[in-house]
Amino acid sequence: MNQILVVALICANTVQAPDCTRDTAIDVVTGPAHTLQECLVQGPVIAANSGIEIAKDSYVKTRCEQRR
């Protein structure tokens, strides 16, 4: 069972990184991970593979959340 949830937040460049959350993101993509290292690597990968166009004026922030 996967214990970690990868959360890739796609935020506008006008949103500072600390303020980039699920609520302020343009899009949110999630996926499973087994380790913290895998989670950190998978964030940009799942965002890129999601089919969502990531504009030049946006960025991807990766969060790793514990699954309950």
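Numbers given to residues run from 1 along each chain, matching the order in which its sequence is written. Totals for whole chains, interfaces and linings use all residues, but because this is a predicted model, local features are given only for residues with pLDDT of at least 70 and pairs of side-chain atoms are given and counted only at 80 or more. Note that the side-chain values use all heavy atoms of the structure and ignore hydrogens as well as water.

- As annotated in an unreviewed UniProt entry, the chain carries the name Ribosomal protein S27 and comes from Methylobacterium symbioticum.

**A few points about the nonpolar core**
Then step 1. Ranked by size, the top nonpolar core spans nine residues in total: Ile4, Val6, Ala8, Ile10, Val29, Ala33, Cys39, Ile46 and Ala47.
Then step 2. Only runs of H or I of at least four residues qualify as helices and only runs of E of at least two qualify as strands under DSSP, and these elements are numbered from the N terminus. Going through the elements one at a time, strand 1 (4–12), strand 2 (27–33) and helix 1 (36–49) are the ones with two or more residues in this core.
Then step 3. No other element matches strand 1, which puts four residues into this core.
Then step 4. The criterion used for residue contact is that any of the two residues' heavy atoms lie within 4.5 Å. Beyond its immediate chain neighbours, meaning those up to four positions away, Val29 contacts Val6, Val7, Ala8, Ile10, Ile46, Ser50 and Ile52.
Then step 5. Within this scheme, the nonpolar core is defined by two criteria: the residues are buried Ala, Val, Leu, Ile, Met, Phe, Trp, Tyr or Cys, and they are joined through side-chain atoms within 4.5 Å. Each residue is assigned to one of three classes by its accessible area relative to the maximum for its type, calculated with a 1.4 Å probe on protein chains only: buried under 20%, partly exposed between the two thresholds, exposed over 50%. Counting eight residues, the second largest nonpolar core, distinct from the first, contains Leu9, Cys11, Ala12 and Val15.

**Here's the deal with the environment of Cys11**
Then step 1. Here Cys11 is to be found in strand 1.
Then step 2. Setting aside residues up to four positions removed in sequence, Cys11 forms contacts with Cys20, Thr21, Thr24, Ala25, Ile26, Ser58 and Tyr59.

**Section: the pattern of salt bridges**
Then step 1. Within this document, salt bridges are pairs made up of a side-chain nitrogen of Lys or Arg and a carboxyl oxygen of Asp or Glu, the two lying within 4 Å of each other. Tallying each qualifying case throughout the model produces two salt bridges.
Then step 2. As a salt-bridge pair, Glu65 and Arg22 come within 3.0 Å of each other at their nearest N and O atoms. Of this pair, Glu65 sits in strand 3 (residues 58–66) while Arg22 sits in the loop between strand 1 and strand 2; the two residues are 43 residues apart in sequence, bridging distant segments of the chain.
Then step 3. For Glu65, a relative accessible area of 21% puts it in the partly exposed group.
Then step 4. The class of Arg22 is partly exposed, set by a relative accessible area of 40%.
Then step 5. Its salt-bridge partner being Glu65, residue Arg63 comes within 3.5 Å of it at the nearest N-O pair.

**Examining the sheet that holds strand 2**
Then step 1. DSSP calls a pair of strands paired once it identifies at least 2 bridges connecting them. Read across the open sheet, the three strands follow the order 2-1-3; overall the sheet is antiparallel. With partners counted over all chains shown, the strands left at the sheet margins are strand 2 and strand 3, one partner each. On average, adjacent strands in this sheet sit at an angle of 20° to one another, irrespective of strand direction.
Then step 2. Note that strand 1 and strand 2 share seven bridges and pair antiparallel. Residue pairing in the sheet places Val7 in a bridge with Thr30 of strand 2. In this description, a line fitted to the C-alpha atoms serves as the axis of each element, helices being fitted only across the stretch in contact, and the angle between N-to-C directions of two axes falls anywhere from 0 to 180 degrees.

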